[in-house]
Amino acid sequence: MTPKTMTVLCLCLCLATAGVVAPANAQLPGPSADAAHAAPDEAAMTAAHEAYTASLAGRLADSGDARNLALAAWLRDLRQAAPAAGPAPSVADAQARAWRGLAFQRAGTDPVALALLSGAAAAAPDDPVPAQALARWRQLEPANLVPALLAGVQGAELIAAAGHARSAHGHAVAQVRWIADAVRRHPPDAATLAVLAPDATGVDGLAVMTGWSYLAGYALPDYGVLVDACRRTSAETAAACRNAATVLQAGDTRLAEAVGLSLARDLAPTREARRAAEAARLRFDWQMFETGHLSGRAPAQQLGEYVRLLGNPALDTEAALNLEQLRLAGIPLDPPPGWRPPR
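Anyway, here's the lowdown on the structure attached to this text. (Residues numbered from 1 in each chain as written. Predicted model: local features only at pLDDT ≥ 70, side-chain atom pairs only at ≥ 80, totals over all residues. Heavy atoms only, no water.)

**Observations regarding helix α8 (residues 155-164)**
Along α8, the residues classified as buried are L158, I159, A161 and A162. Looking straight down α8, one finds its buried side chains confined to an arc of 160 degrees; they lie on one side. Relative to its buried face, α8 has exposed residues pointing more than 90 degrees away, namely A156 and H164. Looking at the buried residues of α8, the elements they touch are α7 (145-150), α12 (223-230) and α13 (235-249). (Buried < 20%, exposed > 50% of the residue type's maximum accessible area, 1.4 Å probe, protein only. Helix = DSSP H or I, 4+ residues; strand = E, 2+ residues; numbered from the N terminus. Arc of directions from axis to C-beta. Contact = heavy atoms within 4.5 Å.)

**With respect to the state of the cysteines**
All told, the structure shown has one disulfide when counted by the stated rule. Across the disulfide, C230 is cross-linked to C241 (sulfur-sulfur distance 2.0 Å). The chirality of the disulfide connecting C230 with C241 is left-handed, given an S-S dihedral of about -90 degrees. With C230 in helix α12 and C241 in helix α13, the pair connects residues that are 11 residues apart, well separated along the chain. With relative accessibility at 5%, the residue C230 sits in the buried group. (Disulfide = S-S within 2.5 Å.)

**What to know about helix α11 (residues 202-219)**
Across its 18 residues, α11 extends 25 Å between first and last C-alpha, which sits within 8% of the 26 Å expected from 1.5 Å per residue. Burial of α11 is extensive: 15 of the 18 residues sit out of reach of the surface. (Expected span 1.5 Å × (residues − 1).)

**Here's the deal with the nonpolar core**
L75, L117, L145, Y223, L226, L248 and L263 are the most contacted members of the largest nonpolar core, which has 85 residues in total. If we skip the residues at most four places from it in the chain, L248 touches L145, A168, Y223, L226, A256, E257, V259, G260 and L263. By size, the runner-up hydrophobic cluster in this structure holds eight residues, among which are L282, L294, I331 and W339. (Core = buried A, V, L, I, M, F, W, Y, C linked by side-chain atoms within 4.5 Å.)

**Focus on the pattern of salt bridges**
Opposite charge on two side chains permits pairing when their charged atoms draw close. Counted under the stated rule, the structure contains 16 salt bridges. Close ionic contact of R281 with D285 constitutes a salt bridge, the shortest N to O distance being 3.0 Å. Here R281 and its partner D285 are both found in helix α15 (residues 271-296), four residues apart, which amounts to about one turn of the helix. For the pair R281 and D285, one class covers both residues: buried. Ionic pairing is found between R327 and E324, a salt bridge with its closest N-O pair at 3.6 Å. Here the residue R327 and the residue E324 both occupy positions in helix α17 (residues 318-328), the gap between them amounting to three residues, near one helical turn. Judged by its relative accessible area of 47%, R327 falls in the partly exposed class. E324 gets classed as partly exposed once you look at its relative accessible area, which sits at 24%. What you see here is one network of salt bridges that share partners, running through D77, R100 and D127. (Salt bridge = Lys/Arg side-chain N within 4 Å of Asp/Glu carboxyl O.)

**Some details on unusual backbone geometry**
Unusually for a residue other than glycine, H171 sits at a positive phi of about 55 degrees. Examined against the element boundaries, H171 turns out to sit in the loop between α8 and α9 (172-185).

**Some points on the environment of A207**
Structurally, A207 is set in helix α11. Residue classification places A207 among the buried positions, given a relative accessible area of 0%. Sequence separation between A207 and A197 is 10 residues; the distance between their C-alpha atoms is 9.9 Å.

Next comes the structure, spelled out in C-alpha cells:
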C-alpha cells in the first residue's frame, strides 16, 4: 500500500456521513487455501507474507514483552482471520492463545498492551483474554468512550457512557507506532521485502501499512451503534450525545473526529451552533483533502517524513500527525474562502 493509497483509505473513512459504521476488516494479504491456484504474483506474496509473519511473530514472542506477545499472537491469527482462508474461525490458534494469556499476565495497567489484546476478539472468538483485557482497560479508563464502544454497550448503558465520557482514545497511534517499530526492527530480507512492498516503498512502507492495517481491521469501534442511538430523540439522549460529539472531536483518530463533527451538526440546538459545526466540518474536510494531496506528492519523501513524525511521542493522535504534516509543508490548516470539498 502506497502512502497515497493509505491516505485515500483514511480519507474515505473520515469523510463518511453520520451514518458511518465500523469498517470491514482491512488486513495484510493473508494466506489462502487456494494459494496453489493463485496467479504467480499473488502466490509469491502469500508465501512471502506467511514466512515473514511467522518469523516476526517468533522474534517478538521471544522478547517476553506484553505488547510484543500480543502482537505476535495477532500475527499468528492472521492466517485464520484472512477472508480468503474460509469461514471465521471458531477456535483460536493454540500458540496465539498461549502468547495472549502470557501477555495479559504481564500487561498490568499498560493500556496499549490491553488495547492490542482487546483487538483480537474477532480473530479468536473462543479466547477469553480479549474480553478480559477490554474489561481491565475499561476499569482503568472508565470515562474513555472507545473501550465502551468496543465492548458493544447498547441502550441505556450506551447513553450513560456517552454522557459520562471525557475522552475517546483507543491508543491508536501508540498501537500503530509499536507495530511499525516492530517491523522496522525486524525487517524481512531484501528478496521478501521486494515481494511484500512491490511499490518500492521499502520497509517503511511495509511498517506503516502493517500498523494501519491492524488498526482498521481490529481496533476501531462500531460508531454506527452510537449514531443510531443518538437518532432516538429525548432530552437525556440529546444531552449525552452532544457530550459524546464534543469528546469524539478530540478523539485520537480522524474517524472518531468525523463522527463527532457529524453528531455535533445533527444535534446542534441552535442555528448558530449548527453553523459553527458546519464550519468545523469544512475545516476538517479541507485538512483531509490536503493531506491526501500531500501524500500523493513525492511519496517516498512523504513516507519518510511520516515515519519520522510517527516516532515523535508528542504526536499522539492521528490529527496531530496530519496537522504537523501540513504545517511542515506550508499548507494552511483553514480552507480558503469559498472552498468546498469535491464530490
